2 protein chains.
Amino acid sequence: MTAEIIDGKAFAAGVRARVGEEVARLKQGHGITPGLAVILVGEDPASQVYVKNKGLQTVEAGMNSYEHKLPADVSEEELSALIERLNADEAVHGILCQFPVPDHLSETEIVARIDPAKDVDGLHVENIGLLASGQQGMVPCTPLGCLMLLRDRLGDLSGKEALVIGRSNLMGKPMGQLLLRDSCTVTIAHSRTADLAAVARRADIVVAAVGRAQMVKGDWLKPGATVIDVGINRIPAPERGEGKTRLVGDCDFDSCAEVAGAITPVPGGVGPMTIACLLANTLTACCRANGLPAPEGLTA
Amino acid sequence: MTAEIIDGKAFAAGVRARVGEEVARLKQGHGITPGLAVILVGEDPASQVYVKNKGLQTVEAGMNSYEHKLPADVSEEELSALIERLNADEAVHGILCQFPVPDHLSETEIVARIDPAKDVDGLHVENIGLLASGQQGMVPCTPLGCLMLLRDRLGDLSGKEALVIGRSNLMGKPMGQLLLRDSCTVTIAHSRTADLAAVARRADIVVAAVGRAQMVKGDWLKPGATVIDVGINRIPAPERGEGKTRLVGDCDFDSCAEVAGAITPVPGGVGPMTIACLLANTLTACCRANGLPAPEGLTA
């Protein structure tokens, strides 16, 4: 068997286009433009690239983008005051603070200050609680993106055996909640799991989110399984020249692609879904803030 | 194999005794007496029995018990005002409202009004979020009781394959979180699970919480598995006389006891742990409210 390659880049472009259409409809029908505020503290180069991309894609979808760049030594009080202003600002429907932040600031406390209804990263403890109890809230972007890819590939997920490898708060745990909500039989495995290969072999769906390069091997998979690879690991690539590197996932792509029914590549799989889902979440938050039904298929 | 019967009644008595010792220490060392406030709306006979038992056991453990009985037609405003008073009352460390409440009241809104730090039932969305993200909060009593029985029987749970059957917000989901926190490989199964018997057969730990009498059969179990039966179902018992009934769990006790290594009976297994853990939670909440370390082994 040779797996179908799930083109996350194309799928994400489709999600962004759909968000754009719904934004246009909101503007025309209700005179409302969704707005996303992004806070960047300091000058971390990678963060600057992310924030720039988020801003570009936000505007491309027809939404307003508000960037707030704060110096690396900004006080907790100033940052809190900004978040309070954004919480109160009716033009802002989504707020996110780009992490990591400098050491003198607490990520937990920053997230706790964001109005849960505007927490488009889905990190606020209230949103975690809503997700964990099957209630409506804001869902973290990357797990939401994985769910969209799975639903697109498999249709109804009910009754499927799903394995999530990794139990992080950002990815593994919310992914498990989402798969459970879609009525999968859900297993969460992690570094203490006794025989991960055996556990993986029983799964129709494998979501790998451990951050260990090429850990999941093809002979761990049930033939035909759908594999979502969330890992992004940089490894040496001497074949490309001295000192060169390349990106790989948590799955050993070549061997997995021989057994799986479908698999996401790295890069170009889950990665592009994250910002697409951030835009989708901002649209959803905007609709809810205005008492309008959120568009279907863009949240969990 | 004939399973060891896990005596939840005796274990719960031990937990209550331990809570009593810690309460005595708090009184002597710090002049603090933990207090539990229970709100009962209306005159449901079963609820009256529960509340009375809670009150008796609270006092027996040396804590203060405050019972607030409200008429069935109490307004939401009056109930909310009571909760606000209890939230502000420094002598009250735990608050619970006995459910069900009459239809004109919303259980979700009642729970949302309780200060999460005093939510000894662990039902507040903030406590659900804290549990789901591995942070310190108040943990629901029945799952906590199951965890205590498992730790007592098995010691370190790390790496064990645990199956939770049932995905309710009160039991299945928090149980899964607790087992994951103790580093089990956790599977959550439910009514949509394709082959529950096969899923059960791979588990070292089975927690059954579905509310279906005698559903789990002995030949579904891995020999030596530890079985925690959370179900309490009343079934006809004609062998005891015409019209007689008896209580059974979600597991078919006789066949399961032949395969399991240990199993909780119904009644006398998980049941008595719930109030014991309510007392433990009240003690924990009291210690935290006073900036004192919570006693070990009495929470997750």
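Keep in mind that what you see is a predicted model, and the values were worked out from it rather than measured.

Visitor: Quick one: what's the story with the interface of chain B and chain A, residue by residue and with numbers?
Guide: Taken together, the contact pairs 32 residues of chain B with 32 residues of chain A. Interface area for chain B against chain A, summed over the two sides, is near 2500 Å², with a carbon-plus-sulfur share of 50%. Remark: the boundary between chain B and chain A carries two salt bridges. For Arg202(A), the salt bridge is made with Glu161(B), and the minimal N-O distance between the two is 3.0 Å. Counting residues per element, the ones that place at least two in the side of chain B that touches chain A are helix H5 (125–132), helix H7 (172–181) and strand S6 (185–189) of chain B. Ranked by residue count, the leading element in the side of chain B that touches chain A is H5(B), at six residues. Grouping the constituent residues of the side of chain B that touches chain A by class yields 11 nonpolar, 14 polar and seven charged. Bridging between strand S6 (residues 185–189) of chain A and S6(B) involves three bridges; their strand directions are antiparallel. Across the sheet, residue Ile188(A) finds its bridge partner in S6(B), namely Val186(B).

Visitor: How would you summarise the nonpolar core if you had to cite specific residues and measurements?
Guide: With 111 residues, the main nonpolar core has Val19(A), Leu179(A), Val207(A), Val19(B) and Leu179(B) as its most contacted residues. Discounting residues that sit within four places of it in the chain, Leu179(A) has contacts with Leu147(A), Leu150(A), Leu157(A), Ala162(A), Val164(A), Cys184(A), Val186(A) and Val207(A).

Visitor: Please provide a residue-by-residue account of the relation of the copies chain B and chain A, values included.
Guide: If you rotate chain B by 180 degrees and push it 0.0 Å along the axis, it lands on chain A with an RMSD of 0.0 Å. The operation mapping one copy onto its partner corresponds to a two-fold rotation axis. Most of the interface of chain B is mirrored in chain A: 100% of its interface residues are interface residues there too.

Visitor: Just give me the short version of helix H10 (residues 271–289) of chain B, but keep the residues and values in it.
Guide: Taking 1.5 Å of rise per residue, 19 residues should cover 27 Å, and H10(B) covers 28 Å from first to last C-alpha, within 8% of that figure. A large share of H10(B) lies buried, amounting to 14 of its 19 residues.

Visitor: Provide a residue-level description of the side chain of Ser80(B), including the pertinent values.
Guide: Inspection of the secondary structure assignment puts Ser80(B) in helix H3 (residues 76–88). Only 2.9 Å separates the side chain of Ser80(B) from the side chain of Arg113(B), close enough to count as a polar contact.

Conventions used here
Residues numbered from 1 in each chain as written. Chains lettered and ligands numbered in written order. Predicted model: local features only at pLDDT ≥ 70, side-chain atom pairs only at ≥ 80, totals over all residues. Heavy atoms only, no water. Contact = heavy atoms within 4.5 Å. Buried area = accessible area lost by both parts, 1.4 Å probe. Salt bridge = Lys/Arg side-chain N within 4 Å of Asp/Glu carboxyl O. Helix = DSSP H or I, 4+ residues; strand = E, 2+ residues; numbered from the N terminus. Nonpolar A, V, L, I, M, F, W, Y, C, P; charged D, E, K, R; others polar. Pairing = 2+ DSSP bridges. Core = buried A, V, L, I, M, F, W, Y, C linked by side-chain atoms within 4.5 Å. Buried < 20%, exposed > 50% of the residue type's maximum accessible area, 1.4 Å probe, protein only. Least-squares fit on C-alpha atoms with pLDDT ≥ 70 in both. Expected span 1.5 Å × (residues − 1). Polar contact = N/O pair within 3.5 Å; in protein donor to acceptor, adjacent residues only side chain to side chain.

By themselves these figures say nothing about function.
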